[in-house]
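Here's the letter readout for the chains.
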Amino acid sequence: MEFDATIPLGYDIAYALIVALWAILTGAALVSVLRTHHDRSGSKFWWSALVIALPVLGASAWFLSSDRRRDTERDRA
């Protein structure tokens, strides 16, 4: 019996989808950070650095906190 060292096609497809979703999430978070008005001067830089340094965690944190921020701004108006 021979050992086949290649990875099955399903794993390659799953890996490619995960990488594509990761890139889309990170890109969307960066675009959102750069398009959002920030009250503090350095917050755009730090949010961008967080999204780049910790892509999934940083992007998730951005989207969770930005939704809350938009809701608060709507309540004030």
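For the structure itself, consult the block above.
Residues numbered from 1 in each chain as written. Predicted model: local features only at pLDDT ≥ 70, side-chain atom pairs only at ≥ 80, totals over all residues. Heavy atoms only, no water.

Observations regarding the nonpolar core
What counts here: Here, the term nonpolar core denotes a set of buried Ala, Val, Leu, Ile, Met, Phe, Trp, Tyr and Cys residues that are joined through side-chain atoms within 4.5 Å. With a 1.4 Å probe rolled over the protein chains alone, any residue whose accessible area is under 20% of its type maximum counts as buried; one over 50% counts as exposed, and the rest are partly exposed. In what follows, residue pairs with any heavy atoms lying within 4.5 Å of each other are defined as contacts.
Listed in full, the six residues of the largest apolar core are Ala 29, Val 33, Trp 47, Val 51, Ala 59 and Trp 62. Excluding its chain neighbours within four sequence positions, the residues that come into contact with Val 51 are Thr 26, Ala 29, Leu 30, Gly 58 and Ala 59.

Points about the packing of aromatic side chains
Rules: Only rings of Phe, Tyr and Trp enter the pairing, Trp through its six-membered ring, and a pair is recorded when the two centres are within 6.5 Å. The plane angle decides the type: under 30 degrees is stacked, over 60 is edge-to-face, the rest tilted. Numbering of helices and strands runs from the N terminus, with a helix taken as a DSSP run of H or I at least four residues long and a strand as a DSSP run of E at least two residues long.
Enumeration over the complete set of coordinates arrives at two aromatic pairs. Pairing Phe 45 with Trp 46 gives two aromatic rings, centres 4.9 Å apart and planes at 75 degrees, and the pair type is edge-to-face. Look at Trp 46 and you get exposed, because its relative accessible area is 59%. Between Trp 47 and Trp 62, the aromatic rings sit 5.1 Å apart at their centres with planes inclined by 70 degrees, giving edge-to-face as the arrangement. Highlighted residues: Trp 47 in helix α2 (residues 43–53) and Trp 62 in helix α3 (residues 55–76), separated in sequence by 15 residues. Under the relative-accessibility criterion, Trp 62 is labelled buried at 0%.

Side note on the packing of helix α1 (residues 9–35) against α2
Each pair of packed helices can be summarised by the angle the axes make with each other and by the distance between the axes. Just so we agree on the cut-off: Here an angle of 0 to 180 degrees is reported between the N-to-C directions of two axes, which are lines fitted to C-alpha atoms, with helices fitted over the stretch in contact. Orientation labels follow simple angle bins: below 35 degrees gives roughly parallel, above 145 gives roughly antiparallel, 65 to 115 gives roughly perpendicular, and whatever is left gives oblique. Residues are grouped as follows: Ala, Val, Leu, Ile, Met, Phe, Trp, Tyr, Cys and Pro are nonpolar; Asp, Glu, Lys and Arg are charged; all remaining types, including Gly, are polar.
The contact between α1 and α2 brings their axes to 9 Å, and the two run at 180 degrees. Of the possible angle classes, the one that applies to α1 and α2 is roughly antiparallel. Residues Thr 26, Ala 29, Leu 30, Val 33 and Leu 34 of α1 pack against Lys 44, Trp 47, Ser 48, Val 51 and Ile 52 of α2. Taken together, the residues that form the contact of α1 with α2 break down as seven nonpolar, two polar and one charged.

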